[in-house]
Amino acid sequence: VCGDALRIRQVLFNVVGNAVKFTQRGSITVNVKPADNAGAIQFAVTDTGIGIPESKLKEIFGEFTQVDSSTTRKYGGTGLGLAISHRLVALMGGDLSAESKLGAGSTFSFVLPLLAAKAAEPVAQERNAVRALVPKTSSPPLRILLGEDAEDNRQLIRAYLRGTSHLLDTADDGAAVFEKYTNREYDLVLMDVQMPVMDGYSATRAIRNFERETGRAPAPIYALTAFAYREDAEKSLAAGCDGHLTKPMRKAAMLELLETIANSRAHPRLAAAS
Ligand code: ADP
């Protein structure tokens, strides 16, 4: 069958991740089989873990919802994984639902209407043909998300990027960076460490958490740190950044970083596109 492999993987990654997290002993089973309606496939993840009380079964698909407040302390997590998974399954035409018995375990399942594989072949060929027509530039365009609260710094970076093919999206606090990151894929995040609402360290940690929970390939995140503070750079690495640029930022340093990232074969998304 043919479907959105990336999204299906994100959902399974999250649901299986939860099963592992909430199961101390017993088993976790992933069952994939043709569903009753033709062409549809049923996915079910069953665990023998702590289970979920009946009264909470619907709520767990809400944003930032965890069964009890001690969950965060005991198991970590954000309470976002299932909300995102539920939305992704709905977008693919299914419904993610849960059955559970407290103390005995849970089953998360969904049915997706998928196309028979034969129908998919021409699409793949077409895509290759389109790819062959796209001229290879030395540096493929990057989709960049800049988290920066100071308007003049945002303008500076926008000016640096003028004349390049890179696309810039901006957010002026850490929470907005996180929100944008969860809604779109980016090839690079530039993160000012000092921002209102949520600082760059927390936003980076939230992004890394989201990537782990959804199975999205991690994007490079570079912190923008003040020249004078060396500990900022260390803190940003600890939060999950790949490196940092010191402010005031020089155009050459910035373009060099973009060139390196754009040509990095290690970047899974770019490697797939080349
Ligand atoms: P997170 O795991 O980050 O807290 P989720 O949205 O993935 O967020 O899950 C929300 C809550 O649902 C969890 O905190 C937990 O209380 C409950 N939950 C999810 N999956 C399971 C499971 N397999 N067994 C028991 N509880 C679960």
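The text that follows walks through the structure, step by step, so that each part is easy to find. As the structure is a prediction and not an experimental result, all values here were calculated from the model. (Residues numbered from 1 in each chain as written. Predicted model: local features only at pLDDT ≥ 70, side-chain atom pairs only at ≥ 80, totals over all residues. Heavy atoms only, no water.)

## Some remarks on the side chain of S236
Position of S236 relative to the elements: it lies in helix α8 (residues 230-239). When neighbours within four sequence positions are excluded, S236 is seen to be in contact with V193, Y201, A223, C241 and H244. (Helix = DSSP H or I, 4+ residues; strand = E, 2+ residues; numbered from the N terminus. Contact = heavy atoms within 4.5 Å.)

## Concerning the site of the ligand
Contacts to the ligand come from 22 residues, most closely from N18, D47, Q66, T78 and L82. Between an oxygen atom of the ligand and a side-chain N or O atom of K21, the distance comes to 3.0 Å. A distance of 2.8 Å is found between an oxygen atom of the ligand and a side-chain nitrogen or oxygen belonging to E213. Only α1 (5-21), α3 (81-91) and β4 (105-113) provide two or more residues apiece to the shell around the ligand. (Near = heavy atom within 4 Å. Polar contact = N/O pair within 3.5 Å; in protein donor to acceptor, adjacent residues only side chain to side chain.)

## With respect to the packing of α1 against helix α7 (residues 200-214)
Direction vectors running N to C along α1 and α7 enclose 95 degrees, while the axes themselves pass 6 Å from each other. Compared by their axis directions, α1 and α7 come out roughly perpendicular. Together, Q10, F13 and N14 of α1 and R212, E213 and T214 of α7 make up the contact between the two elements. (Axes fitted to C-alpha atoms, helices over the stretch in contact; angles between N-to-C directions. Parallel < 35°, antiparallel > 145°, perpendicular 65-115°, else oblique.)

## Topic: helix α5 (residues 151-161)
Three or more residues of α5 are buried, namely R154, I157, Y160 and L161. One face of α5 carries all of its buried residues, which in axial projection span an arc of 120 degrees. Contacts made by the buried residues of α5 are with β5 (143-147), β6 (167-171), β8 (221-226) and α9 (251-262). (Buried < 20%, exposed > 50% of the residue type's maximum accessible area, 1.4 Å probe, protein only. Arc of directions from axis to C-beta.)

## Points about the packing of α5 against α9
Their axes nearest at 10 Å, the elements α5 and α9 cross at an angle of 65 degrees. Judged by the twist between their axes, the crossing of α5 over α9 is right-handed. Judged by residue contacts, I157, Y160 and L161 of α5 engage K251, M254, L255 and L258 from α9. Grouping the constituent residues of the contact of α5 with α9 by class yields 6 nonpolar, no polar and 1 charged. (Left-handed = near helix turned anticlockwise from the far one by under 90°. Nonpolar A, V, L, I, M, F, W, Y, C, P; charged D, E, K, R; others polar.)

## Remarks on the pattern of salt bridges
Opposite charge on two side chains permits them to pair, given that their charged atoms come into close proximity. The full count for this structure, using the stated rule, is 11 salt bridges. Across the salt bridge formed by R87 and E63, the nearest N and O atoms sit 2.6 Å from each other. Here R87, found in helix α3, pairs with E63, found in the loop between β2 (40-47) and α2 (70-75); they are 24 residues apart in sequence, far enough to count as distant. Residue classification places R87 among the partly exposed residues on the basis of a relative accessible area of 43%. Across the pair D169 and R184 runs a salt bridge, and its minimum N-O distance is 3.9 Å. Remark: R184 occurs in the loop between α6 (174-183) and β7 (188-192) and D169 occurs in strand β6; sequence separation between them is 15 residues. Bridged by salt links that share partners, the residues D4, R7 and E185 form one connected network. (Salt bridge = Lys/Arg side-chain N within 4 Å of Asp/Glu carboxyl O.)

## Section: the packing of aromatic side chains
Tallied over the entire structure, the rule returns 5 aromatic pairs. A ring pair is formed by Y181 and Y186, whose centres lie 6.5 Å apart and whose planes are at 25 degrees; its orientation type is stacked. An identical accessibility class is assigned to Y181 and Y186; each is buried. Taking 6.2 Å as the distance between ring centres and 85 degrees as the angle between the ring planes, the aromatic pair formed by Y181 and F210 counts as edge-to-face. Of the two residues, Y181 is situated in helix α6 and F210 in helix α7; the sequence distance between them amounts to 29 residues. In this structure Y181 comes out as buried when scored by relative accessible area, which is 1%. Clustering of aromatic rings is evident, with ring pairs tying together F178, Y181, Y186 and F210. Geometry around Y181 places R216 over its ring, the cationic atom sitting 4.8 Å from the centre. (Phe/Tyr/Trp six-rings, centres within 6.5 Å; stacked < 30°, edge-to-face > 60°. Lys NZ or Arg CZ within 6 Å of the ring centre and 35° of its normal.)

## Description of the pairing of strand β9 (residues 243-247)
With burial as the criterion, only one face of β9 is covered, namely that bearing G243, L245 and K247; the residues H244 and T246 on the opposite face remain uncovered. Across 5 bridges, the pairing between β8 and β9 is parallel. In the sheet register, Y222 faces β9, and the bridge partner there is G243. (Pairing = 2+ DSSP bridges.)

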